[in-house]
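# Per-entry structural report
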Amino acid sequence: MSEANTVLIGKKPTMNYVLACITFFHGGTKEVTIKARGKAISRAIDVAEVVRRKFIPGVKIKAITIGTDQISQDEKTQLSNVSTIEITLKR
């Protein structure tokens, strides 16, 4: 799947990301990937559930991938681990 069908979750309200997913699906996309790290993981799950249960009932969860990224805030500090999630929705 291309990176063009990816919604990156951040600090904006949940409905902004729900609208992005719905826009992809109405544009003809068959799969949308929702990606989040750290504290935004819970918001990513909320987005997937709102899209699936409220707006497009025909959407199914194809895959959920979890992992860890190592991030350095600058060159002098140690690497810190940040959890990641990717939820792939399929129509």
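Here is a short report on the structure shown in this document. (Residues numbered from 1 in each chain as written. Predicted model: local features only at pLDDT ≥ 70, side-chain atom pairs only at ≥ 80, totals over all residues. Heavy atoms only, no water.)

## Here we look at the pattern of salt bridges
Pairing between side chains becomes possible if they bear opposite charge and their charged atoms approach one another. Where we set the bar: Counted as salt bridges are all cases of a side-chain nitrogen of Lys or Arg within 4 Å of a carboxyl oxygen of Asp or Glu. Helix numbering and strand numbering both begin at the N terminus, where a helix is a DSSP run of H or I of at least 4 residues and a strand a DSSP run of E of at least 2. Relative accessibility under 20% of the residue-type maximum defines a buried residue, over 50% an exposed one, and the middle range a partly exposed one, all with a 1.4 Å probe and only protein chains included.
Counted according to the given criterion, the structure contains 4 salt bridges. Between E49 and R52 there is a salt bridge whose closest N-O contact spans 2.9 Å. Of the two residues, E49 and R52 both sit in helix α2 (residues 41-55), 3 residues apart, roughly one turn of that helix. The exposure class of E49 is partly exposed, given its relative accessible area of 23%.

## A short note on the layout of surface pockets
The cut-off we apply is this: Cavities and pockets are found on a 1 Å grid laid over the protein atoms alone: a cavity is a set of points where a 1.4 Å probe fits but cannot escape, a pocket is an open set with protein on both sides within 12 Å along at least five of seven lines, and a lining residue has an atom within 4 Å of such a point. Grid points are joined across faces, edges and corners, and a volume is the space filled by probe spheres set on the points. Residues are grouped as follows: nonpolar covers Ala, Val, Leu, Ile, Met, Phe, Trp, Tyr, Cys and Pro; charged covers Asp, Glu, Lys and Arg; every other residue, Gly included, is treated as polar.
Empty space within the largest pocket amounts to approximately 170 Å³. Lining the largest pocket we find I9, G10, K11, R37, G38, K39, A40 and R43. Of the residues belonging to the lining of the largest pocket, the class tally is 2 nonpolar, 2 polar and 4 charged.

## Topic: the sheet that holds strand β2 (residues 31-37)
Selection rule: Two strands are counted as paired when DSSP detects at least two bridges linking them. To obtain an axis, a line is fitted to C-alpha atoms, over the contacting stretch when the element is a helix, and the angle between two such axes runs from 0 to 180 degrees between their N-to-C directions. Any two residues having at least one pair of non-hydrogen atoms within 4.5 Å are treated as being in contact.
Read across the sheet, 4 strands follow the order β1-β2-β4-β3 without closing on themselves; strand pairing throughout is mixed. Each end of this open sheet is capped by a strand with a single partner; those strands are β1 (6-8) and β3 (60-71). When strand polarity is set aside, the average angle formed by the axes of neighbouring strands in this sheet is 20 degrees. Two strands pair when backbone bridges link them, and β2 and strand β4 (residues 80-90) are joined in this way by 7 bridges, in the antiparallel orientation. Bridge pairing in β4 places R37 opposite T84. Here helix α1 (residues 14-26) sits on the sheet in contact with β1, β2 and β4, set at roughly 175 degrees to β1. Sitting on the sheet, α2 is in contact with β2, β3 and β4, with an inclination near 5 degrees to β4.

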